[in-house]
Amino acid sequence: MKKIFYVLIFSVCSVLSAKAQVAEVTFDADDYASVGVYDAWENSPFRKGLLQGNVAVIDNPHTEVDDILGSAPNPTAKVLAVQRSRFGSNQFGARIDLKEPFSLKPQAQYVHVLVHRPVSGRVMLMGLGKHREPEWASQSPEVEQFWSISMTNVKPDQWTDAVFQVKGVSGVDIHSLVLVPECESPHNRTEDFIAYIDQIVVNNSSAPLVSYDEYPTNFDKESTKAARSDRGILSVALNDVKTLSITSSPSTSDPVYRDRMDETFAVKPGQSLKPTIGYKGTWMCGYLYIDYGQDGKFSSTINDDFTPAEGSDLVSYSAYELHNSLGQSLSNNNNLDMPNFTIPSNTPLGFYRMRFKVDWNSIDPGGSNTITADGGGIVDVRLNVHADEVSVMEDNRNGEILNADGSSLVTTTPFGQDFTIKLNPENGFTYDGVRIRHGYNLTGDQLVHGNLQYVDEVVYRNQFDENDCYTIKAEWVDGDIMLEGLFVENGTEMEFNYPINFDKETTENPRDNPSNTGNHRRLNSVTMNGTTYTMPNDKLLYHEDMSQTFFAKSGEQMTTQFNYSGNWMHGYVYVDKGQDGMFDVGDVSNGVIGSNSDVMTFSFWSGDNTNGQSGYNSNGANLTGQARNVLNPPVFTMPQLADGFYRIRFKVDWNEIDPAGNITADNKITNNGGGFADARLRIFSGSTVNLTVESAENGSVTAADGSTLPSTVPFHTALTIALKPSGNATFESLSVTHGELAGNEKINSVPQRLTEVYTSNDISGETFALPEEIIDGDVVLKAVFKGDTSGIESVENGSANVAEGLYDLQGRKLRDNVALPKGIYIENGNKVVKR
């Protein structure tokens, strides 16, 4: 039997240096503000001052070497010790006040905490903090902003990385963390225990800081690169299910091991499947494994006749010792044609790890000793064994979730098909959105041997329609579904307005100050397809101008150029396709932008490889070294969008796809001298727009030649008009309303129509050219002319102040003895005609 070796895949020190953190507490240094205890239970004796919690930073009592690892999982000098008191609630724990708060984001972040305790089970993390906007200045920094259960169980008497997924609305800063060492009720506990806490890290990766490697390979997964470019895996597939492209051109920079657990192959019990591997090269063999036992390793036992043994995870192979997995004899091993296999009919529904391997004559799932030299490789993916119908459940308070037609919520729905729900709050309540948990084992561990069992999606209110309905995406109907309506009291609901991760009035920039001559880092302007938005020279990092409009058609090729003072920064462009008040990152991986993303293009992003040493642009080009110093992103194709006005965001940042800006400790956008420019994007599919001229007293609006203006005019084309007062009236003002004249005036702060007002100060002659940028939709013209057509008839005599002298018809007194042109005047109160 093959002995399984467990290894420490990341040491704590290497993770702390390689991962990008937004917060870090080691307890070995002065990197925390203070420690104490906290209990969320309002009547807790610890809150009422009846008991004092026992918590302190002490010497690490558990630096022992692990027998299997051969090293100490946590060799650091200091740790935080806390006494789990049986007099506290199941939300009692150690409170760590941070020296520097970190910000919540709509995208998932992960808090890692090393925990050592004598009992097994999950632990909980709470975040205490406040909104940083000025209107929230009075809010206490001790408001509970999130509660998160660890994604895995903490094993007894061993250092375990308790990983917590946290999300939130931008604008909330976390000032303190509370680690709850036991979530279970303390009522049955007869004595306390001590838990030890260490190495708190917040980053963008769910990979544990300390891990006993599961699904091992016989080479280093992280660092081993291909030894040759004439061979390599191009794709993996289950015929009639899915084909996953790996690379189109193998190279020596390719990893030998690829973790593609973000890709799922959906199958059913009893289904017959044909596995294939697209491969550049010959004289290699193909192997397929499924961890049916979900035990963190692949078994590869075969019978004497070369067929897989009962319970073996090796399900199909093309060649081994001149046989395939059907037991058929081969003339040689130059064969990649793997036979069909069948998912056992009694396979429990769930997610499993599946491994494709190209190797030479070896059934070892970790690879032969020559797999790298031979040009082999391993690709791990996720297998979803599902039924035709999935279960739908709900867990709600202060409201209910219904079908779209208002009937009771369905209990089952077809796998892989979208369906629509409706939120119905109780009286006095509204909703912020809905939490959708989908997958399997929904009340159990989220990670089983590193395999994700379910995902929590939060859909906010701004994504619901006017009938309080939301259609759950087909790709989320991938297993059982638990729905939780986020019902809140009226007046306490969230607001959505394109958040950023710093104060919009921020000007502080250590790399942009008057004494630092020649090193001003600033976004000056951005140009897209010939339209330029120039920022005012006010040193603000964030600029917004909703009168600045960029024009595009769906399917049009868009070129973006940033004018930026500085270097080693990256350019990003976002469009709020859903007009929901937020830029959704969606799925972005290795330079491939998913259809659910509002990201349009970017010049560089390293993804979860947050050290930034290697990444991709939005064309999928891998960039390393000096090639990472690229600002302008690739050309992109404008997606298919309905006619309307959308918010577009241009961002200069360092290696951060988050539209709200980089807030990692070493690369904050505020320190790097980045910049934002928010403007309007006009999508219009037509060529002409409607023109309406409202009738005016004392004058008219015509074409330049005096003819009647047409009812339609060319879109985005300057229009010259004539403003003609009647008689002796004069032009006073012209208002031009333009854009989408029907519907809401604004959609999530983005104007759908604007009104420009021109006065006699702007228009000096009779004709005036309306600029092309305001012919951006239907147009309504309304002119105002001052005075009437006849002027005054006379200046009344007999008043206390007799109007003696000479006046024009507008009542203006004229000087005597001045030569007058022909016309009608008022002299000493009488109308006279000068001929």
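Reading the values: rules and limits
- Residues numbered from 1 in each chain as written.
- Predicted model: local features only at pLDDT ≥ 70, side-chain atom pairs only at ≥ 80, totals over all residues.
- Heavy atoms only, no water.
- Helix = DSSP H or I, 4+ residues; strand = E, 2+ residues; numbered from the N terminus.
- Buried < 20%, exposed > 50% of the residue type's maximum accessible area, 1.4 Å probe, protein only.
- Contact = heavy atoms within 4.5 Å.
- Areas by Shrake-Rupley, 256 points an atom, 1.4 Å probe, with all protein chains shown as cover.
- Patch = residues over 30% accessible without salt bridge, like charges linked within 9 Å, V, L, I, M, F, W, Y side chains within 5 Å.
- Salt bridge = Lys/Arg side-chain N within 4 Å of Asp/Glu carboxyl O.
- Lys, Arg positive; Asp, Glu negative; His and termini not counted.
- Charge placed at Lys NZ, Arg CZ, Asp CG, Glu CD.
- Pairing = 2+ DSSP bridges.
- Axes fitted to C-alpha atoms, helices over the stretch in contact; angles between N-to-C directions.
- pLDDT = per-residue confidence, 0-100.
- Polar contact = N/O pair within 3.5 Å; in protein donor to acceptor, adjacent residues only side chain to side chain.
- Core = buried A, V, L, I, M, F, W, Y, C linked by side-chain atoms within 4.5 Å.
- 1 Å grid on protein atoms, 1.4 Å probe; cavity = no way out; pocket = protein on both sides within 12 Å on 5 of 7 lines; lining within 4 Å.
- Points joined across faces, edges and corners; volume = space filled by probe spheres on them.
- Nonpolar A, V, L, I, M, F, W, Y, C, P; charged D, E, K, R; others polar.
- Phe/Tyr/Trp six-rings, centres within 6.5 Å; stacked < 30°, edge-to-face > 60°.
- Lys NZ or Arg CZ within 6 Å of the ring centre and 35° of its normal.

### Description of the overall build of the chain
Stage number 1. Along the backbone of the chain there are 2 helices and 59 strands.
Stage number 2. Out of the 835 residues belonging to the chain, those deemed buried represent 49%.
Stage number 3. The long-range fraction of contacts in the chain, counting pairs at least 24 apart against all pairs at least 6 apart in sequence, stands at 72%.
Stage number 4. With the model as given, the accessible surface of the chain reaches about 37500 Å², and the carbon-plus-sulfur share is 46%.

### With respect to a negative patch on the surface
Stage number 1. A grouping of Glu 394, Asp 395, Glu 400 and Glu 426 is seen on the molecular surface, where their side chains present a negatively charged patch.
Stage number 2. Relative to the assigned elements, Glu 400 resides in strand E23 (residues 399-403).

### Points about the sheet that holds strand E16 (residues 275-280)
Stage number 1. Strand order in this open sheet of 3 strands is E13-E12-E16, and the pairing throughout is antiparallel. Because the sheet does not close on itself, it has two edges, and the strands there are strand E13 (242-245) and E16. Neighbour-to-neighbour, the strand axes of the sheet open up by a mean angle of 20°, direction not taken into account.
Stage number 2. Pairing between strand E12 (residues 232-238) and E16: 6 bridges, direction antiparallel. Considered in E16, the bridge of Ser 235 is made with Gly 278.

### Focus on a nonpolar patch on the surface
Stage number 1. A cluster of nonpolar residues, Leu 50, Leu 51 and Phe 87, forms a patch on the protein surface that exposes about 310 Å² of accessible area.
Stage number 2. For Leu 51, the position within the fold is in the loop between strand E2 (34-39) and strand E3 (55-59).
Stage number 3. Judged by relative accessible area, Leu 51 falls into the partly exposed class, the value being 33%.

### Concerning the confidence of the model for the chain
Stage number 1. Taken over all residues, the pLDDT of the chain has a mean of 87, while the share at 70 or more is 88%.
Stage number 2. Within the model, the stretch residues 1-21 combines pLDDT values under 50 with 51 contacts to residues more than four positions away or in other chains.
Stage number 3. Contacts from residues 510-518, a stretch scored under 50 in pLDDT, to residues over four places away or in other chains number 17 contacts.

### Remarks on the side chain of Arg 355
Stage number 1. Looking at the secondary structure, you find Arg 355 in strand E20 (residues 350-359).
Stage number 2. From its side chain, Arg 355 meets the backbone oxygen of Pro 216 in a polar contact 3.4 Å long.

### Side note on the sheet that holds strand E55 (residues 778-786)
Stage number 1. Ordered by their spatial adjacency, 5 strands build an open sheet running E48-E46-E55-E50-E53, and the pairing between neighbours is mixed. Only two strands of the sheet have a single partner each, and these edge strands are strand E48 (712-714) and strand E53 (753-759). Strand-to-strand twist across the sheet, computed as the mean angle between neighbouring axes with direction ignored, equals 25°.
Stage number 2. Here strand E50 (residues 730-739) runs beside E53; their pairing, made up of 7 bridges, is antiparallel.

### A word on the nonpolar core
Stage number 1. Membership of the largest hydrophobic core comes to 29 residues, with the highest contact counts inside it found for Val 111 and Leu 177.
Stage number 2. Elements supplying a minimum of two residues to this core: strand E4 (78-84), strand E5 (92-103), strand E6 (109-116), strand E9 (160-166), strand E10 (172-180) and strand E11 (193-203).
Stage number 3. Element by element, the count of residues in this core is highest for E11, at 5 residues.
Stage number 4. Sequence-distant contacts of Val 111, that is, excluding residues within four places in its chain, are made with Phe 102, Leu 125, Ala 162, Val 163, Phe 164, Val 166, Leu 177, Ile 200, Val 201 and Val 202.
Stage number 5. Val 575, Leu 631, Tyr 646 and Leu 681 belong to the second largest nonpolar core, which has 27 residues in total.

### A word on empty space enclosed by the protein
Stage number 1. Applying the stated criterion across every chain, the model contains 4 cavities of 30 Å³ or more.
Stage number 2. A volume near 100 Å³ is recorded for the largest cavity.
Stage number 3. Around the largest cavity, the lining is made up of 14 residues, and of these Gly 232, Ile 233, Pro 255, Arg 258 and Gly 376 lie nearest the centre.
Stage number 4. Counting only elements with at least two residues in the lining of the largest cavity, the list comes to E12 and strand E21 (377-385).
Stage number 5. Top element by residues in the lining of the largest cavity is E21. It accounts for 3 residues.
Stage number 6. Looking at side-chain class alone, the lining of the largest cavity contains 7 nonpolar, 4 polar and 3 charged residues.

### So, the side chain of Asp 313
Stage number 1. Tracing the backbone shows Asp 313 in the loop between strand E17 (285-290) and strand E18 (314-317).
Stage number 2. It turns out Asp 313 is buried and unbridged, and the closest side chain with the opposite charge, Lys 297, is 7.7 Å from it.
Stage number 3. A polar side-chain atom of Asp 313 sits 3.3 Å from the main-chain amide nitrogen of Tyr 292.
Stage number 4. Setting aside anything within four residues of it in sequence, one finds Asp 313 in contact with Leu 288, Tyr 289, Ile 290, Asp 291, Tyr 292, Gly 293, Lys 297, Phe 298 and Ser 299.

### Thoughts on the pattern of salt bridges
Stage number 1. One pass over the structure, following the stated rule, counts 30 salt bridges.
Stage number 2. Where Asp 445 meets Arg 122, a salt bridge forms, and the shortest distance between an N and an O atom there is 3.8 Å. Taken together, the residues Asp 445 in the loop between strand E26 (429-439) and strand E27 (447-448) and Arg 122 in the loop between E6 and strand E7 (124-131) connect sequence positions 323 residues apart.
Stage number 3. Relative accessible area serves as the criterion here: at 17%, Asp 445 is assigned to the buried category.
Stage number 4. Arg 122 gets classed as partly exposed once you look at its relative accessible area, which sits at 23%.
Stage number 5. Residues Asp 388 and Lys 268 are paired through a salt bridge, measuring 3.0 Å at the closest nitrogen-oxygen approach. With Asp 388 in the loop between E21 and strand E22 (389-394) and Lys 268 in the loop between strand E14 (257-267) and strand E15 (272-273), this pair connects stretches of sequence that are 120 residues apart.
Stage number 6. A single salt-bridge network, built from bridges that share partners, covers Lys 242, Arg 260, Asp 262 and Glu 263.

### Some words on the packing of aromatic side chains
Two measures describe an aromatic ring pair: the distance that separates the ring centres and the angle between the ring planes.
Stage number 1. Applying the stated criterion across every chain, the model contains 26 aromatic pairs.
Stage number 2. Between Tyr 287 and Tyr 317 the ring centres are 6.1 Å apart and the planes differ by 20°, which places this aromatic pair in the stacked class. Note that Tyr 287 is positioned in strand E17 and Tyr 317 in strand E18, a separation of 30 residues in sequence. This pair shows no difference in class: Tyr 287 is buried, exactly as Tyr 317 is.
Stage number 3. Where Phe 550 meets Phe 650, the ring centres are 5.2 Å apart and the plane angle is 55°; that geometry is what we call tilted. Of this pair, Phe 550 sits in strand E34 (residues 542-552) while Phe 650 sits in strand E44 (residues 644-653), placing them 100 residues apart in sequence. With respect to burial, Phe 550 and Phe 650 carry one shared label: buried.
Stage number 4. Clustering of aromatic rings is evident, with ring pairs tying together Tyr 287, Phe 306, Tyr 317 and Tyr 320.
Stage number 5. Over the face of the ring belonging to Tyr 287 we find Lys 357, whose NZ or CZ atom lies 4.3 Å from the ring centre.
Stage number 6. Here the basic side chain of Arg 382 rests over the ring of Phe 351, its NZ or CZ set 3.6 Å away from the ring centre.

### Details of the pairing of E50
Stage number 1. For E50, a buried count of 7 out of 10 residues is recorded, marking the element as mostly surrounded by other parts of the structure.
Stage number 2. By the bridge criterion, 9 bridges tie E50 to E55 in an arrangement that is antiparallel. Counted as the bridge partner of Ser 735 is Lys 782 from E55.

### Description of the pairing of E26
The side chains of a regular strand alternate between both faces of the sheet.
Stage number 1. Counting buried positions along E26 yields 8 of 11 residues, so the element is predominantly enclosed.
Stage number 2. Relative to strand E29 (residues 454-460), E26 runs antiparallel, the two being bridged by 7 bridges. Paired with Ile 436 across the bridge in E29 is Glu 457.

### Focus: unusual backbone geometry
Stage number 1. If you check the backbone angles, Asn 361 has positive phi at about 55° while not being a glycine.
Stage number 2. Take Asn 361: it is sitting in the loop between E20 and E21.
Stage number 3. For Asn 748, which is not glycine, the phi torsion reads 50° and is therefore positive.
Stage number 4. By the secondary structure assignment, Asn 748 is in the loop between strand E51 (746-747) and strand E52 (750-751).
Stage number 5. Judged by relative accessible area, which is 26%, Asn 748 ranks as partly exposed.

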